[in-house]
Every structure is written in C-alpha cells, then in structure tokens.
There are 2 protein chains.
Amino acid sequence: MGKNALVAQSGGPSPVINASLEGVLEACRDYPNHIDNVYAAWHGVEGILQEQLIDLGAQPREETELLRYTPAAGAIGTCRYKLTPEQGEDFERIIEVMCAHDVGYFFYIGGNDSMDTALRVGRLARQHGLDLVVTGVPKTIDNDVGDPEFKLIDHTPGYGSAARYWASIIQSINEESRGISTSECVCVLQAMGRTAGFIPAASRLGDPDREMPLQIYTTESGHTLESLADNVNRELIGSGRCIVVVSEGFDVGSLGEAHDGFGHIEYGASRFAVAQVVANYLNERGYRARGQATWQVPGVLQRSTSIYASNVDIDEAYEVGRKAVEIGVEEGSGWMATLLRTEGETYSVRYDKAPLEKVANSVRHLPAEWISQDGLDVTDDFVRYARPLIGDDWPPIRIENGRPRFARLTVQFIDKKSKDYVPVRFL
Amino acid sequence: MGKNALVAQSGGPSPVINASLEGVLEACRDYPNHIDNVYAAWHGVEGILQEQLIDLGAQPREETELLRYTPAAGAIGTCRYKLTPEQGEDFERIIEVMCAHDVGYFFYIGGNDSMDTALRVGRLARQHGLDLVVTGVPKTIDNDVGDPEFKLIDHTPGYGSAARYWASIIQSINEESRGISTSECVCVLQAMGRTAGFIPAASRLGDPDREMPLQIYTTESGHTLESLADNVNRELIGSGRCIVVVSEGFDVGSLGEAHDGFGHIEYGASRFAVAQVVANYLNERGYRARGQATWQVPGVLQRSTSIYASNVDIDEAYEVGRKAVEIGVEEGSGWMATLLRTEGETYSVRYDKAPLEKVANSVRHLPAEWISQDGLDVTDDFVRYARPLIGDDWPPIRIENGRPRFARLTVQFIDKKSKDYVPVRFL
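Draft legend 1. Quick look at the overall build of chain A. Summing up its helical and strand segments, chain A has 14 helices and 13 strands in all. For chain A, the spread of C-alpha atoms along the principal axes amounts to about 75 × 55 × 45 Å. When the 427 residues of chain A are sorted by exposure, 60% land in the buried category. Considering only intrachain contacts with a sequence separation of at least 6, the fraction spanning at least 24 residues in chain A is 78%.

Encoded structure:
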C-alpha cells in the first residue's frame, strides 16, 4: 500500500500550467505501488492550510485529458499566499494536513518563490521524521527561474506560450499599424515580466527578419523615457510609424516616481500602466507624429489564452510534470524537474533534475549579450534560442458550441481530518 | 473594352476587411467585358487624393488569396481622412483622379461615414456627366451601420469576428479569474464600440449558460460608476469574484468630466482608459474585496487578430465584396451590398442591396429589448441573434516558420496621370 500524492500550484498562471498538472496526474497512475490517491490543493497553499483538497484521480478521465489545452489556473486554482520562514505556524499546519491525509509525495508547480517553499516544507518534514518526498515542477511565463547560465534549466514551461503570444500579436499589430494612416502611427504595447525581459524580447520572433519598425524596451535595456522618445522620433523620420514593446518593469524614471506623489488627485497614479506613461510622454513632449501614440495593455491574456499556446510548450510542460513524479518516486526528495536542450541542429530536449536549493529564490535575467548594442532589440542568438519554443502550428483546441471546450473539474473537497485553521495572513 | 475599377477602404480595420477586398477583386475578374484593371487606393481616400494607386490585379494570385485570412488593413491601408461637403476641392480631385485612370467602378469598403462619402462622390460624378458606378461594401466591427430595424442589413461584416474575440477571451479571463485566489478577484475589461454596445454584449457568447460572474456594461446600459460598484459588490458577496466588461463608451459621469480638468498635471487625464477609471473607482471607494481590481485594455487586438476571426464572418465578408461588384455591374450606382438572415431554424444569409442614402451617416444601437432589465446583461434573444455569427471552428490560418503567413502585396504606385495635389486637410 502506497502513500497519497498532493499537487498544488502557486503564483501567476500560464497557458500550460494545467498540462504539467495533467502530467503529474498521469505519471502518478504509473506508480500504483507507490501512490494511491492523487489530491489537488484548491488554490495552492491556501488550500493546504484550509484543508481544501480535491480528489484529482477521481475526476473523469475525459475531463482531466482536456487539462492539456486548458489555459490559466481555473482547474485547481493557484494563489499568491506568501510563506516566509517567520510563518512557523503555517508550515506546521502544512505538515499536519499532509500527515492527516497520508501524503507521501508533494508536487509543487510554481516559480522561484514556490521552489523555496517546497524546500522549506521538505526540510520541516524531515525534522518531523516524516517520509515526505517534495518535488518542484517549474512554471513561469517569465523564464526567470534562477539559473543565469542556462545549465540547470534551458527555459521554463509557460515561456514558449507567452513568447508565441507576443510573436503572433506583434504581427497583428503590424498589420494594424501599416493599415492605419499616418495620423496614428505609434503603437505602444505593454508586456509582462517585471524583472526579466524574456517576454518583450519574444516580440522579435514575430519579425525575425526585421521588416517592421519594432523597438523592444526590456527592463534590462538601459533606456529611459527620454532616449525612448528619441528612438521613436528617429524611426518616424525613417518609416513614418513605430511599434514599441515595453516591459511592465521598464524604468520610467522620475515620471514613475511622480506617480506616487499624485495622492491628492482622484486616482492613485501608481495605477498608471507603463505603456500609458510612455504614450502620454510621447504625446506631450517632442513627438513628431501628427496623431496620437496609442497604447494597449493585453495584460493577463498573454498568460491565460489557449489558442496562442505553443505545442512545444504544451508537450514539454506535460513531460516536466511526468518527470517530477519519476524523480520523486525514484530519486527521492529535494529536486525540481528540469529540461535541457540537447546538442545538435534539430531542437529537442531531455528532462533532468536540479536541487531545489539551487533554483529557489534566485532570478534569471535576459543575458546582456542577447540585447543589441543600441538596447532596442535582441540579437539573432536570442532568436535562435527562443524560436523553437513557440512551435510550428496552432494547438488543437477543441471547439464546442462555437467556444473552446476547457476542462471542468468538480470542485468538491474530500472530508476534513484535522481541526479548523485560519492561515496566518488571513488573521 | 471596359473601364477600370477602384477599391478603397476607410475607417478602423476589422479582422475580415481584407476578405471583402479579395471578394471585390475576384468578382471583378468575373466581368472581363466590363472591368479591365482593378486598382486599390493606398490608405483609402488619402491615396485617391494623392494619386497613390496600386495595381491590385497584377499582384500574384497566391498573395491575394491570402487576403482572406489576413487581418486589419495592412494590405492596402485605410484612413480616417474626414471628407465633409465643404471640402469641394477634395471631391473635385477625386473625380479628376478617377477620370485620369478611366475608373468606371468605385467600390468603397467602410462604415456609415464612408457610405456618405460614396454617396457624394456618386452624385458629383453624375453632375460632371461621368459614367461612374459607386457601390458601398459594409465593414465595421461595431455592427452599427444605420439600420435600427435590421431590415436592410442583419449585421456588418467584421462584427462576427469581434464577437468571437470577446466570446473567446472571456473564457480565458474566467479561467484566469477562477484560478487566482480571492486576493485579486475583479477583472475589468474594456471593449470597443463607443456608441453601440454590440461588442461588449458579445462577451455573453463566452458564457451563454450564465455560469460565470460576468457583468456587461454597454453604452446603452444606463448604469453609472456608482451602480456598477454596487453590482460588483453584490456579486462579490455571492461568488467572491466578478468579471466586468465595460464599453469604451460607458459613461463614467462626473469622473469622466473631471478628467478634462486635469490639464495642470503631468498627464492629460483624458488619456485614462474607461476600464482604468472603473478599476480605480472600485479600488478607492467602497470595494469589499481584499485585493485590487485589475484592468485590461486589449485595444486594437480585437479588430486586428486573425486567429479569432469567425469563419462565418470571413465567408460573408468575402461574399459581400463579391456582391458589391455584381450590384455595380448589373444594377448601377448608388447601392451598398448587404446581407439578410433567411427565415428558418438553420442560420443562413442571402445577399442583397440597400440605397446608400438610407445607410449613410446613421447609427444602429443595441436594441433596448436585448438588454436585460437590470442593465447588466443581454437577453437570450441577443444570444440567438449573435451566436451564429461567431462560427464553429478556428479559421485555417496558415503558419510558416512558426508565424501566421499574411498576404504581402507589393506597394508600388502606378504612373501618375494628373498634377500634384495636396489634400485639403494636409494643407
């Protein structure tokens, strides 16, 4: 008789986070001697703390198989509940709930922070003499899981799909921009990725031959609003239009600071979007176009849209989930599943593992050598790195009644076995 | 020997405007005794005034066949150049250029304003004793071409695709919203359609069974920021989350007016997006959620994205373009091609015509009887009206090198035959 497995998600969703979830679930079925039931925590750590567990293995197979093409985290939920080492009570509670439900395997799908939580849970379990295997499943559209040298993990599941979103929409935006007359010729788009510029960088994949008037402002670009305006004006003199992709983490300098001083007016100015600050700056200072710069914030759509998911990313996310189970059962606790690019002309990956402590809490930036000298673009080396990740075809999203048919799990909690508990941050 | 045809586009693009363009081009080939060359004006009226004409018929067929799946107006351009009756010089110039290039057929793809322009050009040509046939091709994602009783045109090409965009993304947003924990539980999305609420209304197609906590605020809804906040809070008490779709034309009342008085601060406050005003209002006044309301402005993506185009809309846009040519050749000047729904259980349309003067310059609103009594939703009658327009499958967008392959026409102007001219509004 084996133990039970518990899977949980943390942090922002991705278009393929559910593919990893399905991979974990399917692989658990391959180890009937080790793993009995597979539970999912509803909304990640919040669900563990509140003992809100779903019997994932009891869900209809035809629904869980749809997880592969179901974006974002609506299936079992995720959370942003912060677990710091000071929250000893919360950690003890996690152990308590896992004991109560005879959990022997904990698979935690998330980014850097989550790997730190996984590490701590694993250590605490060991202190309690518990036989708990903790394994991380990497997930982040930002591609910023801590491995600056790309030796532990080539890229994170989720990134390929966010990259494909940007590669695709930048083409639509170019058609829009070409089509509209010169009276509206600067389009500013805000990309996610507060600290690492991998996402805005991927817009280059929509125009690898550099035919569009595209400028990319990553967090790492070193540009300011002033230099951005100069660059845009130069492009306007040349081609008459400009597409500006700006990271949400782009430093808008003193104007960014000024926002916080706006407390006396109707709206908290920190609610300004970076793309909006850029467009307003262009419109109000030294902007040579006849019309207005416009701005768009696609926002959460870049992480929650299934049709832009990359088939490569979907497959890899699924396999990484499977690999995590294999590692957990066969190698024991303390690892994160990873994927590494194999040598050779044709893109392929092999799945591997990295110690949790090596990837926890550290951040990977867009390498400086992948940013062009003028700071407005990425290099061809970046394109060669990222191009295979977006795949070569649309994903086969099933349509029913004119709409994508996503997995819909039954959210019914299994019987509670421990006393009521209020998470520290909910007190 | 026939005359030449000239086709031009005007106003905002749509995902299927190029399908109408292809329809016009292909149908012109069917009338070799009437029509010799097919020219396209580069950026609509601006291209006519400046005699910037492209030989559309000379473009490779394999490129023009891709127009069907190429979104927005990048192929031949559109414009927002306003032509009022006072601009007599411009109108005379249009006639001059058409004479110079022996244009006998003018096909004008656009919305209400464009139909007015087409009407005036036709009348002026007649005054000059010119043999010019002017035919309108309807296009607008807003579905607001002037026919309040739906007797002349059931819907406009472009609307079905914008509707499909909203039906699709509202599902993604719901997965996102379900997935994120209760600390971020109101998502405000801004939809296009300044005067008519057909676009935000279409978000209901993403949830026809009303399973999501979705509230729809059209321009016609009659709601205010205050009543919106009340409604959202009520939903939060019920389901703990809320998805708010708000029209860009939604009246934000005194806060909307206050924006214009913001001239003394760094940013022109008219640059606020409606979704942002709504989210800020929720965050700063009487909002009962623990976290922040977030806001997204998908902006031009809803009119320039090919993968969300509706196959039904693509086909209809193409056929309406074809029909316009048939009307022009066989019935003469002064009509706009239309489409009307046939009676019966199964959705189908027949193509027809309406006099330009009947559709020019008037606006169709979302009928009051299609808005629910509480003003937060649309009725099932609206769903029955709009559902067939979004189709039942993804469009077959061709992928090359991981990216959609759009039509790329050669933009090379044919030899000028009249003197240089500066459009009135460029003076």
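Draft legend 2. Representation of the relation of the copies chain A and chain B within the structure. Of the transformation superimposing chain A on chain B, the axial component is 0.0 Å and the angular component is 180°, with the fit at an RMSD of 0.0 Å. In symmetry terms, the pair is related by a two-fold rotation axis. Looking at chain A, 100% of its interface residues are interface residues in chain B too, so the copies touch through the same face.

Draft legend 3. Region of interest: the sheet that holds strand E9 (residues 293-296) of chain A. Residues and elements named next belong to chain A. Pairing within the open sheet is parallel, and its four strands lie in the order E7-E8-E6-E9. At either end of the open sheet lies a strand with only one pairing partner, and these are strand E7 (214-217) and E9. Between one strand axis and the next, the sheet turns by 20° as a mean value, whatever way the strands run. Relative to E9, strand E6 (residues 186-191) runs parallel, the two sharing four bridges. Considered in E9, the bridge of Val186 is made with Ala293.

Draft legend 4. Structural context of the interface of chain A and chain B. Taken residue by residue, the interface counts 59 residues in chain A and 59 residues in chain B. Listing elements by their share of the side of chain A that touches chain B, those giving two or more residues are helix H6 (159-179), helix H9 (253-260), helix H10 (274-284), helix H11 (301-304) and strand E13 (403-404) of chain A. Residue contributions to the side of chain A that touches chain B peak at eleven residues, all from H6 of chain A. Per-class residue counts for the side of chain A that touches chain B are 24 nonpolar, 23 polar and twelve charged.

Draft legend 5. View of the sheet that holds strand E10 (residues 335-341) of chain B. All names here are of chain B. Judged by pairing direction, the sheet is mixed, and its seven strands sit side by side in the order E3-E2-E1-E4-E5-E10-E11 without closing on themselves. With one partner strand each, in any of the chains shown, strand E3 (53-55) and strand E11 (349-355) form the two edges of the open sheet. Neighbour-to-neighbour, the strand axes of the sheet open up by a mean angle of 30°, direction not taken into account. Direction of pairing for strand E1 (residues 3-9) relative to strand E2 (residues 35-41): parallel, over a ladder of four bridges. Within E2, the position partnered with Leu6 by the bridge is Tyr39.

Draft legend 6. Local environment of the nonpolar core. If you look at the biggest cluster of nonpolar residues, it comprises 281 residues, and the most contacted ones within it are Val244 and Val278 of chain A together with Val244 and Val278 of chain B. Discounting chain neighbours no more than four positions away, the residues touching Val244 of chain B are Val186, Cys187, Val188, Leu189, Gln215, Tyr217, Val232 and Val278 of chain B.

Draft legend 7. Structural context of H6 of chain A. Taking 1.5 Å of rise per residue, the 21 residues of H6 of chain A would be expected to cover 30 Å, and the 30 Å separating its terminal C-alpha atoms lies within 8% of that figure. For H6 of chain A, the buried fraction is high: 21 of the 21 residues fall into the buried class.

Draft legend 8. Unusual backbone geometry, seen in detail. Residues and elements named next belong to chain B. Not every positive phi belongs to a glycine, and Asn143 is a case in point at roughly 60°. Note that Asn143 resides in the loop between strand E5 (133-138) and helix H6 (159-179). The class for Asn143 is buried, based on 28 C-beta atoms found within 10 Å. Phi is positive for Phe150, close to 60°, though the residue is something other than glycine. Looking at the element boundaries, Phe150 is found in the loop between E5 and H6.

Draft legend 9. Inspection of the environment of Ser221 of chain A at higher detail. Residues and elements named next belong to chain A. Residue position: Ser221 is located in the loop between E7 and helix H8 (225-239). Ser221 sits in the buried class, given 26 other C-beta atoms within 10 Å. Along the backbone, Ser221 and Arg425 are 204 residues apart, and their C-alpha atoms lie at a distance of 37 Å. Setting aside residues no more than four positions away along its own chain, Ser221 makes contact with Ile371 and Gly375.

Draft legend 10. How the structure looks around the domain arrangement of chain A. Partitioning chain A into structural domains gives domain 1 (3-141 + 306-362 + 391-426) and domain 2 (159-303). The residue makeup of the side of domain 1 of chain A that touches domain 2 of chain A, split by class, is eight nonpolar, four polar and one charged.

Draft legend 11. How the structure looks around the packing of helix H8 (residues 225-239) of chain B against helix H10 (residues 274-284) of chain B. Residues and elements named next belong to chain B. Interhelical geometry of H8 versus H10 gives an angle of 65° and a closest axis separation of 10 Å. Handedness of the H8/H10 crossing: right-handed. Residues Leu225, Leu228, Ala229 and Val232 of H8 form the contact with H10, whose participating residues are Val278, Tyr281 and Leu282. Considering only residue class, the contact of H8 with H10 consists of seven nonpolar, no polar and no charged.

Draft legend 12. Region of the structure containing helix H5 (residues 112-127) of chain B. Residues and elements named next belong to chain B. Here H5 contains 16 residues, and its C-alpha end-to-end distance of 23 Å stays within 8% of the 22 Å for a straight helix at 1.5 Å per residue. Looking only at H5, the buried set comprises Asn112, Ser114, Met115, Asp116, Thr117, Ala118, Leu119, Val121, Gly122 and Ala125. Looking at the buried side of H5, the elements it contacts are helix H2 (44-49), helix H4 (88-100), strand E4 (103-110), E5, E10 and helix H13 (356-359). Phi turns positive, to about 70°, at Gly129, one or two residues after H5.

Draft legend 13. Here's a closer look at the confidence of the model for chain A. All names here are of chain A. Overall, the prediction assigns chain A a mean pLDDT of 91, with 93% of residues at 70 or greater. Taken together, the stretch residues 256-270 has pLDDT below 50 and engages in 16 contacts with residues farther than four places along the chain or on a different chain. This prediction of the complex comes with two scores: 0.95 for pTM and 0.93 for ipTM.

Draft legend 14. Broad picture of the environment of Leu389 of chain B. Residues and elements named next belong to chain B. By secondary structure assignment, the location of Leu389 is in the loop between helix H14 (380-386) and strand E12 (399-400). We classify Leu389 as buried; it has 27 C-beta atoms within 10 Å. Separated by 18 residues in the primary sequence, Leu389 and Ala407 have C-alpha atoms spaced 24 Å apart. Once you skip the residues sitting within four places of it in the chain, Leu389 turns out to touch His155, Tyr159, Gly160, Ala163, Ser310, Val312 and Asp313.

Draft legend 15. Molecular detail of the pairing of E10 of chain B. Residues and elements named next belong to chain B. For E10, a buried count of five out of seven residues is recorded, marking the element as mostly surrounded by other parts of the structure. Of the strand pairs in this sheet, E5 and E10 are connected by two bridges, and their pairing is parallel. Note that in E10 the partner of Thr135 across the bridge is Trp335. When E10 meets E11, the two strands line up antiparallel, connected through seven bridges. Counterpart to Trp335 in the pairing with E11 is Pro355.

Calculation rules
- Residues numbered from 1 in each chain as written.
- Chains lettered and ligands numbered in written order.
- Predicted model: local features only at pLDDT ≥ 70, side-chain atom pairs only at ≥ 80, totals over all residues.
- Helix = DSSP H or I, 4+ residues; strand = E, 2+ residues; numbered from the N terminus.
- Buried ≥ 20, exposed ≤ 12 C-beta atoms within 10 Å, placed from the backbone.
- Contact = placed C-beta atoms within 7 Å.
- Least-squares fit on C-alpha atoms with pLDDT ≥ 70 in both.
- Pairing = 2+ DSSP bridges.
- Axes fitted to C-alpha atoms, helices over the stretch in contact; angles between N-to-C directions.
- Nonpolar A, V, L, I, M, F, W, Y, C, P; charged D, E, K, R; others polar.
- Core = buried A, V, L, I, M, F, W, Y, C linked by C-beta atoms within 7 Å.
- Expected span 1.5 Å × (residues − 1).
- Domains from an automatic or database assignment.
- Left-handed = near helix turned anticlockwise from the far one by under 90°.
- pLDDT = per-residue confidence, 0-100.

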